[in-house]
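Coordinates in review
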Amino acid sequence: QMCLSDRLPKAAAAGTNATGVDAEVLAIGDDLLAFIDFATARTFNQSFAPVDQPGDTVSYLYNRGPNSELILQNNYGSGTQLAAIGQHRGITRQGSWESVIDSWPVDLNDVNSQFTVHSLFKLSSLDWTLLFDTGYMKIYIFGQQLAYEDANGTKIV
């Protein structure tokens, strides 16, 4: 699952015991910008048919959150591939490079100076990998470490 919000806690606080279950994420309400959970009802191939088996080609991912117009679609390559992460689902590449892009970008004015991205990654190698590129924030695996790119384009591990 992946969610982007400006209302999830930025740091742990005494007495807070958030678990990240679906109900807690959905309770964020209209401040929830994206919630991608890879459920069959929101994971489609090029013909807009639902996919649910690891190895199936994924061309479109629909947002589960309030912004029903947000669709992640294949941007480069032949589409991502549905993958098993334990009992859950995610996506992986099929070739040397695949990417998805959103069809309804989030207005940068809707994102506070602090926001939270929660995601799970399972890496088969620690080669250079771009995990997120929101246009103003890039998160990488770079030099076998987690890194980000600063405003000058410098990768900081």
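**Describing unusual backbone geometry**
Comment: phi is negative for the bulk of residues other than glycine, and the bulk of peptide bonds are trans. Notably, F38 is not glycine yet its phi reads approximately 60°, a positive angle. Here F38 is to be found in the loop between strand 2 (32-36) and strand 3 (43-44). The buried category is assigned to F38, whose relative accessible area is 14%. The phi torsion at F48 lies on the positive side, around 65°, for a residue other than glycine. Here F48 lies in the loop between strand 3 and strand 4 (57-58). Residue F48 is classed as partly exposed on the basis of its relative accessible area, which comes to 45%.

**A short note on the pairing of strand 8 (residues 88-92)**
Pairing of strand 7 (residues 80-85) with strand 8, which is carried by five bridges, proceeds in the antiparallel orientation. Paired with I85 across the strands is H88, a residue of strand 8. A loop of two residues connects strand 7 with strand 8, the two strands running antiparallel in sequence, and G86 in this loop sits at a positive phi of about 65°.

**Focus on the pattern of salt bridges**
Evaluation of the coordinates by the stated rule reveals four salt bridges. Note that D37 is salt-bridged to R42, the shortest N-O span being 2.7 Å. We note that D37, like R42, is buried. D37 is paired through a salt bridge with R64; the nearest N and O atoms lie 2.9 Å apart. Of this pair, D37 sits in the loop between strand 2 and strand 3 while R64 is found in the loop between strand 5 (60-62) and strand 6 (71-76), placing the two residues 27 residues apart along the sequence. Of the residues examined, R64 reaches a relative accessible area of 26% and is grouped as partly exposed. Bridged by salt links that share partners, the residues D22, D37, R42 and R64 form one connected network.

What counts and what doesn't
Residues numbered from 1 in each chain as written. Predicted model: local features only at pLDDT ≥ 70, side-chain atom pairs only at ≥ 80, totals over all residues. Heavy atoms only, no water. Helix = DSSP H or I, 4+ residues; strand = E, 2+ residues; numbered from the N terminus. Buried < 20%, exposed > 50% of the residue type's maximum accessible area, 1.4 Å probe, protein only. Pairing = 2+ DSSP bridges. Salt bridge = Lys/Arg side-chain N within 4 Å of Asp/Glu carboxyl O.

The values are spatial; any link to function lies outside them.
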